[in-house]
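# Breakdown of the fold
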Amino acid sequence: MNVLLAMIPAFFWGTTYAVTQFTLPDWPPLLLGALRALPAGLILLAIKPSLPKRGEWGLLFRLGFINIAAFFSLIFVMALTLPSAISGVGMISVPVFAMLFHWVISKRRPSLTQGIFGFVLIGLAWLLFNPNSISLNPVGLLAMLAAISCIIVGSTITKALGDRIHWWTVLTWQLIIGGALLSVAAAIHAGFTPKAYSESLAQLNLNNVVGIGWIILLNTVLGYIMYVWLLQRMSVVDFTFGGIANPVAGIVSGMVLLGESFTPHQYLLMLSMIVASLMPQIIGLIAERRRISQAKSQ
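Residues numbered from 1 in each chain as written. Predicted model: local features only at pLDDT ≥ 70, side-chain atom pairs only at ≥ 80, totals over all residues. Heavy atoms only, no water.

Moving on, we come to the overall build of the protein chain. Counting secondary structure elements, the protein chain contains 14 helices and zero strands. For the protein chain, the spread of C-alpha atoms along the principal axes amounts to about 70 × 55 × 30 Å. For the protein chain, the proportion of its 298 residues judged to be buried stands at 48%. Across the protein chain, the fraction of contacts at a sequence separation of at least 24, relative to all contacts at a separation of at least 6, is 91%. In the structure as shown, the protein chain presents an accessible area of about 14300 Å², 71% of it carried by carbon and sulfur atoms. (Helix = DSSP H or I, 4+ residues; strand = E, 2+ residues; numbered from the N terminus. Buried < 20%, exposed > 50% of the residue type's maximum accessible area, 1.4 Å probe, protein only. Contact = heavy atoms within 4.5 Å. Areas by Shrake-Rupley, 256 points an atom, 1.4 Å probe, with all protein chains shown as cover.)

Set out below in structure tokens:
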């Protein structure tokens, strides 16, 4: 059930790329990140006020920087430089990197099933992102790799804080701190490139407002409430496997909003990556049901 719940925030996160290109195509990534994070954090603070203790600020600052300031900036770079479907599909490689990270850092070996399908995902991603078959912006690809790193490190820190700081405080203040950092960075950037910022704000229209509202309320307020709550109830690797909804949302929203299309071979590779990311969960559920049925029969 938790994996199914994890698909809800993943689905909304998957729409970020197409919604951004459709409603906010020329807006600076730092400004978009600040607009996504800070209002959402303040909304959560208004819903349930909380204040970190003196010894908690340092941890929350690191989390706000990695999980929000850096990650949000990278996500909007991806949204403005890569096709929506590619961004969504590429992000399901997170479980592979998460397994490798925890294997190296925490000495936690992945299961045989996770290892096998992790290698399958790597192979399929290699074929899909092959420069000979599809032309992709290298800046966007580098942003994707950096964003994946932020997810793994940030999720690990978030889970580690579960017994030390209330999850609502973690959620609220990482958004406020990250949003504040992004606001400062955007203000500095605007000093060097004022035209991009002035044009975006001067030409604000209903389409922009709808896009900003979607990103703040659904992608961030709802998405991050579920994200932090679920991380206290499941492993980081299991949560990342729930991200299957991310590429589905990316593909569908890209087709509907942006008219993106790919070759049948590329769609087959995307579908294969989605299936490969689901298989460890499916096999695990089957094995668990067998154990339960055997226990009942004894």
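Taken as a whole and judged by the stated rule, the model has eight aromatic pairs. Relative to Phe12, the ring of Phe11 has its centre 6.0 Å away and its plane inclined at 80 degrees; by these criteria the two rings are edge-to-face. Taken together, a centroid distance of 5.6 Å and an interplanar angle of 75 degrees make the contact between Trp167 and Trp168 edge-to-face. A relative accessible area of 8% means that Trp168 is categorised as buried. One aromatic cluster is present, built from ring pairs that chain together Trp13, Phe71, Phe72 and Tyr224. The ring of Phe72 is capped by Arg36, whose NZ or CZ atom sits 4.1 Å from the centre of that ring. (Phe/Tyr/Trp six-rings, centres within 6.5 Å; stacked < 30°, edge-to-face > 60°. Lys NZ or Arg CZ within 6 Å of the ring centre and 35° of its normal.)

Relative to each other, helix 2 (residues 16-23) and helix 11 (residues 206-231) sit at 160 degrees, their axes nearing to 9 Å. It follows that helix 2 is roughly antiparallel to helix 11 by the angle criterion. Our pair here, helix 2 against helix 11, has a crossing hand that is left-handed. Of the residues in helix 11, those in contact with Thr16, Val19, Thr20, Phe22 and Thr23 of helix 2 are Asn207, Asn208, Gly211, Trp214, Ile215 and Asn219. Its residues placed into classes, the contact of helix 2 with helix 11 shows four nonpolar, seven polar and no charged. (Axes fitted to C-alpha atoms, helices over the stretch in contact; angles between N-to-C directions. Parallel < 35°, antiparallel > 145°, perpendicular 65-115°, else oblique. Left-handed = near helix turned anticlockwise from the far one by under 90°. Nonpolar A, V, L, I, M, F, W, Y, C, P; charged D, E, K, R; others polar.)

Turning our attention to the packing of helix 3 (residues 29-47) against helix 4 (residues 57-81). Where helix 3 meets helix 4, the axes come as close as 8 Å, and the angle between the chain directions of the two elements is 125 degrees. Between helix 3 and helix 4, the crossing angle belongs to the class labelled oblique. In the packing of helix 3 onto helix 4, the handedness of the crossing is right-handed. Residues Pro29, Leu30, Leu32, Gly33, Arg36 and Ala37 of helix 3 touch helix 4, and the partners they reach there are Ile68, Phe72, Ser73, Ile75, Phe76, Val77 and Leu80. Of the residues assigned to the contact of helix 3 with helix 4, the class counts are 10 nonpolar, two polar and one charged.

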